[in-house]
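Structural description and commentary
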Amino acid sequence: MELLYNLEPTGWSRNFDDEEVDDLEFQEPEPIKFETVLDGSLNASLLLVAAKPAAACLLHAQFPNKTKIASINIPEIHNKKKSTSSKNVVNGVDLNDNSCTLYKDASNESRLLLICHIEVPADRASEFSKVVLSNVNAADVVVFDTLLDWKYNATAPERAAPPFLRKLETDITREDKSKQDGFAYLESPNLIDSLGAAIISRRQMFKLACRVYVSLEASRILDVDTIIAFEAGLKHVTRQETKGATLALYKQLLSSMQSRRPSPLFL
């Protein structure tokens, strides 16, 4: 009698033994490391955070006189070989350093700057924010973040383009009249993700002051307009004029960072 079906195993059947091996090989990532040269807790009246490369350019250019006091390393990123064997130094800063660095502002020692040359991965952002905010006791936190233009849903029919600034705030910041700055809130249903979202969420959870300034970033190329848009927000929170002679430095920093930026085809 001829069989109407094939008794041979099919090539697409699941191999549970292989799946068990894969489960055994999975390892939790190493903890994020906070390394400081100072003893005791770090206190600040204001912590400024550069969450994206454009914001890093802003803080490096506006605060040239600063002292490194700590590094925050994500092991799987920090341990990778750098893109070049030599340092890429601009304005005294090595842009090939793939850690996030905490600085003390020389002109105001109660003000700290956290500058990231890398974008903190979304799956590590919550732990990263917990590590930073557990080690730094800041009365107020202001984050400078960006949003790609193709992700922005405008309420107006016109397509938005840089320069462009919106904000998000914790409840306690919104209720404080002394902190009002006149900038529009980021409209629903727009969202930020990764480090900026993790920091403001944690500050909101503990009912602490925090604001995120969001600058629109062109998806094709990171340009200087994205950085310039941040200046008005920085001027408000620091209560001081931004340095006007920094356009050339912005461009120099950007040209060094753009080689490290992902291709928009993969965003």
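It should be noted that the structure appears before, not after, this text.
Residues numbered from 1 in each chain as written. Predicted model: local features only at pLDDT ≥ 70, side-chain atom pairs only at ≥ 80, totals over all residues. Heavy atoms only, no water.

**Examining the state of the cysteines**
The cut-off we apply is this: Note on terminology: disulfide denotes any pair of cysteine sulfur atoms within 2.5 Å. A run of H or I in DSSP becomes a helix once it reaches four residues, and a run of E becomes a strand once it reaches two; helices and strands are each numbered from the N terminus. The classification of residues rests on relative accessible area computed with a 1.4 Å probe and restricted to protein chains. Under 20% of the type maximum is buried, over 50% is exposed, and intermediate values are partly exposed.
Within the structure shown, the criterion is met by one disulfide. Put simply, Cys-100 and Cys-116 are joined by a disulfide, and their sulfur atoms are 2.4 Å apart. Judged by the sign of its S-S torsion, about 120 degrees, the cystine formed by Cys-100 and Cys-116 is right-handed. Remark: Cys-116 occurs in strand E8 (residues 111-116) and Cys-100 occurs in strand E7 (residues 100-105); sequence separation between them is 16 residues. Residue classification places Cys-116 among the buried positions, given a relative accessible area of 0%.

**Focus: the pattern of salt bridges**
Condition: What makes a salt bridge here is a side-chain nitrogen of Lys or Arg within 4 Å of a carboxyl oxygen of Asp or Glu, nothing more.
Applying the stated rule across the entire model yields ten salt bridges. In this structure, the salt-bridge partner of Arg-166 is Glu-187, at a minimum N-O distance of 3.1 Å. Of this pair, Arg-166 sits in strand E11 (residues 165-169) while Glu-187 is found in the loop between helix H5 (171-175) and helix H6 (194-205), placing the two residues 21 residues apart along the sequence. Judged by its relative accessible area of 18%, Arg-166 falls in the buried class. Beyond isolated ion pairs, a larger network of salt bridges with shared partners links Lys-167, Glu-169, Asp-181 and Arg-211.

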